[in-house]
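Residue strings, one per chain:
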Amino acid sequence: MHALPARRTGRAVTAVAIVLVLLTSFMAAISSAHPARADEAPDNQFVAVPPAVLADTRNGTGGVGSAKVPGKAKVTFQVAGQAEVPASGVSAVALNITAVGAEQPGWLTVHPSDAPATVSTLTFYPGENVTGEDFTRLTGTGMVSVVNNSDSPVHVVVAVRGYFLSAADTQAGNEYYPVDTQYLYDTRPGHVTGSPAREATPIPANSSVTIDVAGQRGVPATGANAVALNVVAWSQGQKGWLSLHPSDQPANNVATVDYVPDETDSSFTVAQLTGSGKLIIENRGSGTVHVALTLRGYFTGTAEEGGAGYAAVPSRVIVETLTGTGVPGGSTRALAPGESVTFDVAQGVDLGEKIMASAALTIQARQPTDKGWLTAYPAEDGDPDISSVNYDQAESTTGFDLVIPDSQGRVTVTNRGPGTTHVQVSMRGYFTDPPMPAEYEDVTELSTTETSPEEDEAATAGAPSRHFRARARLGFDRLTLPGLFEGRVWWHGRAPYELYINAEVLDNRADGRCIGALVRMDGKVYSSWKDWVACGNQQRRTLKGWFQRTATRVDFKACQVHPKTRRYTWCTTEWK
């Protein structure tokens, strides 16, 4: 990292050495040539299917019996070969899990039948039906177990929404394209978003709305086969549930979110998308409800190039504030209102040369003292103020989310409630981008020089009066990644400095990929640089503008940028 030099009359100014990584070409498409293992399948592609119930203890579907699962007991059922899931070649399944008719508080744990786990997948309470999502790993048995960790019985319903192919499978699947978390659709007053907009009115009882998904918020207009969403029910006065289905397919009886009065209820889901490019949201309740859908990413065919494949892993806790596990400094305090915990989401994961594009995480709010929500996001990007898990007072709540790590592999979880809450985060799997080629590891260092006061004044002659211009021998020298990025930085006044950037991004290849950069000032990343990219074919793009703050330290990082999502698929390892 580099500090901006102080400009002092009568003394020489020492320019700052800037170390940037030389980028000369971009990576090839993801290779599918991997050894096949059902319990460890890297770079797996996804296939969405219409929701289908695999197990239901209310009526015995799936051979699980037609009675509630007793306390501390489990049900096991076949997944591989059921509904539209192939009998072999599947590494994980996207499951929809519902707890019905609970008599006491408790939680469900979902795991491969021969690989027991203890991490909560879904929490439940008496008088409430609760629905959640999980990417559940499959082993050679092709079976899944659901454990009732309550002291009393509960009904369990499990449906499948899609599956991940094993690496050796020849069936064509889809790769994942994560996008910045954003609202796709929202009916709430003051938050109306999406197409067609709903004029800030809730969805009536036993009614539905049809929304545009394809072509919205970064989802391609054609070719997307599924979208990853978080669905939230707000301001409901009665019990009910929401379901989603493509507009050209019949309705299904699989809940996406169950809701109860005086709570904000949410759940992650992977929703199949068909040729219509539209989804229907059905309100299966006796009262009105406001609905918000937030987008995490989309799945599309491998012909698009640049998507991420999935690797399922045994579930394990990576952060637990109750015990201090994975918490910087080992703190065991609950998160106060607005407080965050930041952690390396790839800890203990052997990525090899690949880059983690998105992490499949189970996130739990434990022992909350008030209503609120948790938001999970790339640590460098800042809080998007969009929930990952909504929780109620005194009710521990578990949710699932796909979260993009930042360029250093970190994720931040922030407590957005007025009370305190503990947080537990466990890993279920992750999506990976291809590795950074070895030729990107060359490093170019720019020289530094000193100038006299006379040279200092001469260099600034003619420069705009608002700012001090860094010429070739003053302050920052020319910023250069040969053939890819070059420019100058100016600053104004005494430390801390106002900054102005006048630079040019170049991309002289014809491969359609993109090059961009990140700038960090005093430790804060300015994500507006995500829009300052150039994409192949001799393209050049000029970057100009003041940053609306002052700084004493400025660092840069060069990155590959996906041409569609504008997400960084990898960046140089260190800030320079």
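Report follows, based on the coordinates. Since we're looking at a predicted model, the values are computed, not measured. Just so you know, the residues in each chain are numbered from 1, in the order the chain's sequence is written. Under the rules for a predicted model, residues below a pLDDT of 70 receive no local features and side-chain atom pairs below 80 are neither given nor counted, while totals for whole chains, interfaces and linings still include all residues. As a convention, hydrogens and water are excluded, and side-chain values are obtained from all of the structure's heavy atoms.

Sheets are built from strands that pair by backbone hydrogen bonding, the pairs being arranged parallel or antiparallel. In spatial order, the strands read E5-E10-E7-E8; together these four strands make up an open sheet with antiparallel pairing. On the outer flanks of this sheet lie strand E5 (74–78) and strand E8 (122–124), each paired with one strand and no other. Across the sheet, the mean angle from the axis of one strand to that of its neighbour is 20 degrees, orientation sign disregarded. Here, any two strands with at least 2 DSSP bridges between them count as paired. What counts as a helix is a DSSP run of H or I of at least four residues, what counts as a strand is a run of E of at least two, and both are numbered from the N terminus. Helix axes are fitted only over the stretch in contact, all axes being lines through C-alpha atoms; the angle between N-to-C directions runs from 0 to 180 degrees.

Here we have four strands laid out as an open sheet, ordered E20-E27-E22-E25, and antiparallel in their pairing. A strand with exactly one partner marks an edge of an open sheet, and here the two such strands are strand E20 (309–320) and strand E25 (397–403). This sheet shows a mean twist of 20 degrees between the axes of neighbouring strands, independent of strand direction. Here eight bridges tie E20 to strand E27 (residues 422–433), and the two strands are oriented antiparallel to one another. Paired with Glu320 across the bridge in E27 is Gln424.

A few words on the pattern of salt bridges. Think of a salt bridge as a Lys or Arg side-chain nitrogen and an Asp or Glu carboxyl oxygen that are within 4 Å of each other. Applying the stated rule across the entire model yields 14 salt bridges. The partner of Arg428 in a salt bridge is Asp134, and the shortest N-O contact between them spans 2.6 Å. Taken together, the residues span a long stretch of sequence, with Arg428 in strand E27 and Asp134 in strand E9 (residues 130–137) at a distance of 294 residues. Here's how the labels work: a residue is buried when its accessible area is under 20% of the maximum for its type, exposed when over 50%, partly exposed in between, all with a 1.4 Å probe on protein chains only. You can call Asp134 buried: its relative accessible area is 0%.

The next thing to look at is the side chain of Ser113. Positionally, Ser113 belongs in the loop between strand E7 (106–112) and E8. Any N or O atom pair separated by 3.5 Å or less is treated as a polar contact, with the protein-specific requirement of one donor-capable and one acceptor-capable atom, and with residues adjacent in sequence counted only for side-chain atom pairs. At 2.8 Å, the side chain of Ser113 forms a polar contact with the side chain of Thr141. Working rule for contacts: check all heavy atoms of both residues, and any pair within 4.5 Å makes them a contact. What Ser113 contacts, discounting residues up to four positions off in sequence, is Thr76, Thr141, Met143, Val144 and Ser145.

This brings us to the environment of Gly240. Tracing the chain through its elements places Gly240 in strand E15 (residues 240–246). With relative accessibility at 10%, the residue Gly240 sits in the buried group. In contact with Gly240, other than residues within four places in its own chain, are Val257, Asp258, Tyr259, Arg284 and Gly285.

Glancing now at the packing of aromatic side chains. Ring geometry is summarised as follows: Phe, Tyr and Trp rings, the Trp one being its six-membered ring, pair when their centres sit within 6.5 Å, and such pairs are stacked at plane angles under 30 degrees, edge-to-face over 60 and tilted between the two. According to the stated counting rule, one finds 14 aromatic pairs in the structure shown. Plain terms: the ring middles of Tyr176 and Phe299 are 4.9 Å apart, the flat faces sit at 40 degrees to each other, and that makes the pair tilted. Pair noted here: Tyr176 is in strand E12 (residues 174–186) and Phe299 is in strand E19 (residues 290–301), with a separation of 123 residues, a long-range link. On the basis of relative accessibility, which here comes to 1%, the residue Tyr176 falls in the buried class. Taking the centre distance of 4.5 Å and the plane angle of 35 degrees together, the rings of Tyr176 and Phe431 count as tilted. Linking Tyr176 in strand E12 with Phe431 in strand E27, this pair joins segments that are 255 residues apart in sequence. When sorted by exposure, Tyr176 lands in the same class as Phe431, which is buried. Members of the aromatic cluster, joined through ring pairs, are Phe46, Phe135, Phe164, Tyr176, Phe268, Phe299, Tyr310, Phe400 and Phe431. Charge-over-ring placement is defined geometrically: NZ (Lys) or CZ (Arg) within 6 Å of the ring centre, and within 35 degrees of the ring normal. The ring of Trp234 carries the charged tip of Arg188 above its face, separated from the ring centre by 3.9 Å.

Turning our attention to the side chain of Asn96. Here Asn96 lies in strand E6 (residues 90–100). Within the structure, the side chain of Asn96 is placed 3.2 Å from the backbone oxygen of Ala255, a separation counted as a polar contact. Once you skip the residues sitting within four places of it in the chain, Asn96 turns out to touch Thr131, Gly132, Glu133, Val157, Val158, Ala159, Arg161, Val254, Ala255 and Thr256.

Using protein atoms alone on a 1 Å grid, points that fit a 1.4 Å probe yet trap it form a cavity, whereas open point sets bounded by protein on both sides within 12 Å along at least five of seven lines form a pocket; residues with an atom within 4 Å of a point count as lining. Grid points are joined across faces, edges and corners, and a volume is the space filled by probe spheres set on the points. As enumerated under the stated definition, the model contains four cavities of 30 Å³ or more in all. Approximately 310 Å³ is the volume found for the largest cavity. In this structure, the largest cavity is lined by 30 residues; those nearest its centre are Val130, Asp265, Ser266, Asn390 and Thr397. Elements that contribute at least two residues to the lining of the largest cavity include exactly E8, E9, strand E16 (257–259), strand E17 (265–272), strand E24 (389–391) and E25.

Turning our eyes to something else, we now look at unusual backbone geometry. Between Ser195 and the following residue, Pro196, the backbone shows a cis peptide bond with an omega angle of -10 degrees. Within the secondary structure layout, Pro196 lies in the loop between E12 and strand E13 (207–212). Phi is positive for Ala83, which is not a glycine, with a value near 50 degrees. Inspection of the secondary structure assignment puts Ala83 in the loop between E5 and E6. For Asp385, which is not a glycine, the phi torsion comes out positive at approximately 60 degrees. Within the secondary structure, Asp385 is located in the loop between strand E23 (372–378) and E24. We classify Asp385 as partly exposed; its relative accessible area is 40%.

Here, the term nonpolar core denotes a set of buried Ala, Val, Leu, Ile, Met, Phe, Trp, Tyr and Cys residues that are joined through side-chain atoms within 4.5 Å. Counting residues in hydrophobic clusters, the biggest one holds 30 residues, and the most contacted among them are Phe77, Val93, Leu95, Leu108, Val146, Val158 and Tyr163. Of all the secondary structure elements, the ones that give two or more residues to this core are strand E4 (46–56), E5, E6, E7, E8, strand E10 (143–148) and strand E11 (155–165). Dropping the residues within four chain positions of it, Val158 is found in contact with Ala52, Val53, Leu54, Ala55, Phe77, Leu95, Asn96, Ile97 and Val146.

Mapped onto the fold, Trp241 is located in strand E15. In this structure Trp241 comes out as partly exposed when scored by relative accessible area, which is 22%. Sequence separation between Trp241 and Thr256 is 15 residues; the distance between their C-alpha atoms is 7.3 Å. With residues up to four places along the chain from it excluded, the contact list for Trp241 reads Asn252, Asn253, Val254, Ala255, Val257, Asp258, Tyr259, Glu282, Asn283, Arg284 and Gly285.

Here we come to the pairing of strand E14 (residues 224–234). In terms of burial, E14 is largely enclosed, as ten of its eleven residues are buried. In this structure, E14 lies alongside E19, joined through ten bridges in antiparallel fashion. Residue Val227 lies in a different strand from E19, and its bridge partner there is Tyr298. Pairing between E14 and E17: eight bridges, direction antiparallel. Bridging across to E17, Val232 finds its partner in Ser266.

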